[in-house]
Amino acid sequence: MGTSHMSMSATALGTAFVKAMVLRALKNGHNDADEAANETHGSSVIWEELFLTEAGTFTAIWVFLAKLSCIRNGIIRWMDRSVSGSVFHAYSRSLWFMEYIQDTILRNESPSGVRNVVMLGAGLDGTAFRLAQMFPAVTFWDTDVSAVLAPKVAVRAKYFQNRHNLHLHPLDLMQDDMTDLAERIKTQSGHCVFVAEALLMYISAERVRKLFVELLPRLAPQGYTILFSWIETSDLFDQTSGIHHAAQRIHQSQSHERFRWHCTHTELRTLLLEAHIRPLLSIDALELAQQYEHCVANTCIPPRTMRGEHFLIGRYEP
């Protein structure tokens, strides 16, 4: 979600703001679907609001305004019209990652279980904070560049300082060789889980290959599970209209980071074979929307999504 200063100003801030608004809308809804969504998120604290408040006066004002339902609902409708389906897509994507990280931890077959979960380029997302509360025996590593982590560091110091299974680790995925992180993770045995939510498309193809083939095996040579999303090339350059065009509009937006890595299904399979990653589950955005549309029932959030982003869980077996 964040890999540079530009990410802090656009991608990380925007994604966190959308998620904060949706969670606030659900929290104020009090229907059965809302409660189920809150259970999945594992915490009544909207961490994204706290991070955005610490990020600066401007974002703090927007967080305050978005707590007012009349303003929040208007912003949600405007954002959904600007890029069709973007609000529900961002939320359903977040739910999918949250659910399947939990599932991976609970169902892992290794003798010592999952001991480390590494959130790569997490931006201002609060998933690691929520999961650290739910799984005290698992160590969570929230990583991104220092500028993006700064609001999280401040929030952790205020509200989360006694939580010893959460680490905020500076990491620049564009150039870091991850040696320091590898040394810290090696001190703990057990299976490792890597999470790259809405991240890899902002990294060069060469760097994505290096991450899969060299860096992640160095961090977890005994094996690991990875959950990530990726962009299908045809969804960026197909000239059809409507919802199919949403990913392309984001790619061409002047206010948003451009996608640097996208590939075909064949190219992805080739990369996974080279990296010795066995696919366990694959799903696209439309299937994702069908899975979670009940979570926004009776809210102002339109249950429509964007096509283009795909989601995969794979297992590295050396």
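Each value, and the rule that gives it
- Residues numbered from 1 in each chain as written.
- Predicted model: local features only at pLDDT ≥ 70, side-chain atom pairs only at ≥ 80, totals over all residues.
- Heavy atoms only, no water.
- Helix = DSSP H or I, 4+ residues; strand = E, 2+ residues; numbered from the N terminus.
- Contact = heavy atoms within 4.5 Å.
- Expected span 1.5 Å × (residues − 1).
- Buried < 20%, exposed > 50% of the residue type's maximum accessible area, 1.4 Å probe, protein only.
- Pairing = 2+ DSSP bridges.
- Axes fitted to C-alpha atoms, helices over the stretch in contact; angles between N-to-C directions.
- Arc of directions from axis to C-beta.
- Polar contact = N/O pair within 3.5 Å; in protein donor to acceptor, adjacent residues only side chain to side chain.
- Salt bridge = Lys/Arg side-chain N within 4 Å of Asp/Glu carboxyl O.
- Nonpolar A, V, L, I, M, F, W, Y, C, P; charged D, E, K, R; others polar.

S.K.: Hey, could you run me through the environment of Trp230 in this one?
M.R.: With respect to the helices and strands, the residue Trp230 is situated in strand 5 (residues 224–231). Along the chain, Trp230 and Thr264 lie 34 residues apart, while their C-alpha atoms are 9.8 Å from each other. What Trp230 contacts, discounting residues up to four positions off in sequence, is Met201, Trp261, Cys263, Thr264, His265, Leu268, Gly308, Glu309, His310 and Phe311.

S.K.: Please explain helix 8 (residues 146–159) as it appears in this structure.
M.R.: In this model, helix 8 (14 residues) spans 20 Å end to end at C-alpha, consistent with the 20 Å of a helix rising 1.5 Å per residue. The complete set of buried residues in helix 8 reads Val148, Leu149, Pro151, Lys152, Val155 and Arg156.

S.K.: Sorry, what's going on with the sheet that holds strand 1 (residues 114–119) here?
M.R.: Working definition: the strands of a sheet are paired by backbone hydrogen bonds and lie parallel or antiparallel to each other. Ordered by their spatial adjacency, 7 strands build an open sheet running 3-2-1-4-5-7-6, and the pairing between neighbours is mixed. For this open sheet the edge positions go to strand 3 (166–170) and strand 6 (277–284), each flanked by a neighbour on one side alone. For this sheet, the mean inter-axis angle between neighbouring strands, taken without regard to orientation, is 20°. The pairing of strand 1 with strand 4 (residues 191–196) spans 5 bridges and is classified as parallel. Its bridge partner being in strand 4, Val117 is matched across the sheet by Val193. Contacts from helix 6 (residues 86–107) reach strand 1, strand 2 (139–144), strand 4, strand 5, strand 6 and strand 7 (309–316), with the element oriented near 15° to strand 7.

S.K.: Even after reading the chapter, I still don't get helix 14 (residues 285–292), so can you show me in this structure?
M.R.: Three- or four-residue spacings in an α-helix give side chains the same orientation, since the helix completes a turn every 3.6 residues. The complete set of buried residues in helix 14 reads Ala285, Leu288, Ala289 and Tyr292. Down the axis of helix 14, the buried set is contained in an arc of 100°. They therefore lie on one face. On its buried side, helix 14 packs onto helix 6, strand 6 and strand 7. Capping the start of helix 14, Asp284 holds a side-chain oxygen 3.1 Å from the backbone nitrogen of Leu286, two or three residues further along.

S.K.: Explanation requested: unusual backbone geometry in the structure shown.
M.R.: Glycine aside, negative phi is the norm for most residues, and most peptide bonds take the trans geometry. Unusually for a residue other than glycine, Met178 sits at a positive phi of about 65°. Topologically, Met178 is positioned in the loop between strand 3 and helix 9 (179–185). A relative accessible area of 1% places Met178 in the buried class. In this structure, His276 is a non-glycine residue whose phi angle is positive, near 60°. Along the polypeptide, His276 turns up in the loop between helix 13 (265–274) and strand 6.

S.K.: Hey, could you run me through the pattern of salt bridges in this one?
M.R.: It is possible for side chains of opposite charge to pair when their charged atoms get near one another. All told, the structure shown has 14 salt bridges when counted by the stated rule. Lys210 is paired through a salt bridge with Glu214; the nearest N and O atoms lie 2.9 Å apart. Note that Lys210 and Glu214 are positioned in helix 10 (residues 205–219) at a spacing of 4 residues, about one turn of the helix. Connected via shared salt-bridge partners are Lys19, Glu48, Asp125 and Arg130.

S.K.: Any chance you could explain the packing of helix 10 against helix 13 here in plain terms?
M.R.: Helix-helix packing is characterised by the crossing angle of the two axes and by the distance between the axes. At a closest axis distance of 9 Å, the pairing of helix 10 and helix 13 adopts a crossing angle of 35°. Between helix 10 and helix 13, the residues in contact are Val208, Arg209, Phe212 and Val213 and Leu271, Leu272 and Glu274, respectively. Here the residues of the contact of helix 10 with helix 13 are counted per class, giving 5 nonpolar, no polar and 2 charged.

S.K.: What exactly am I supposed to notice about the pairing of strand 7 here?
M.R.: Remember that side chains alternate between the two faces of the sheet whenever the strand is regular. Among the 8 residues in strand 7, 8 count as buried, and that is most of the element. Side chains Glu309, Phe311, Ile313 and Arg315 project from strand 7 onto one buried face, and the interleaved His310, Leu312, Gly314 and Tyr316 project onto a second face that is buried too. Bridge analysis of strand 5 against strand 7 gives 8 bridges, and the strand direction is antiparallel. Bridge pairing in strand 7 places Leu227 opposite Ile313. Where strand 6 lies against strand 7, 7 bridges are found, and the strand directions are antiparallel. In the strand pairing of strand 7, Arg278 is matched with Arg315.

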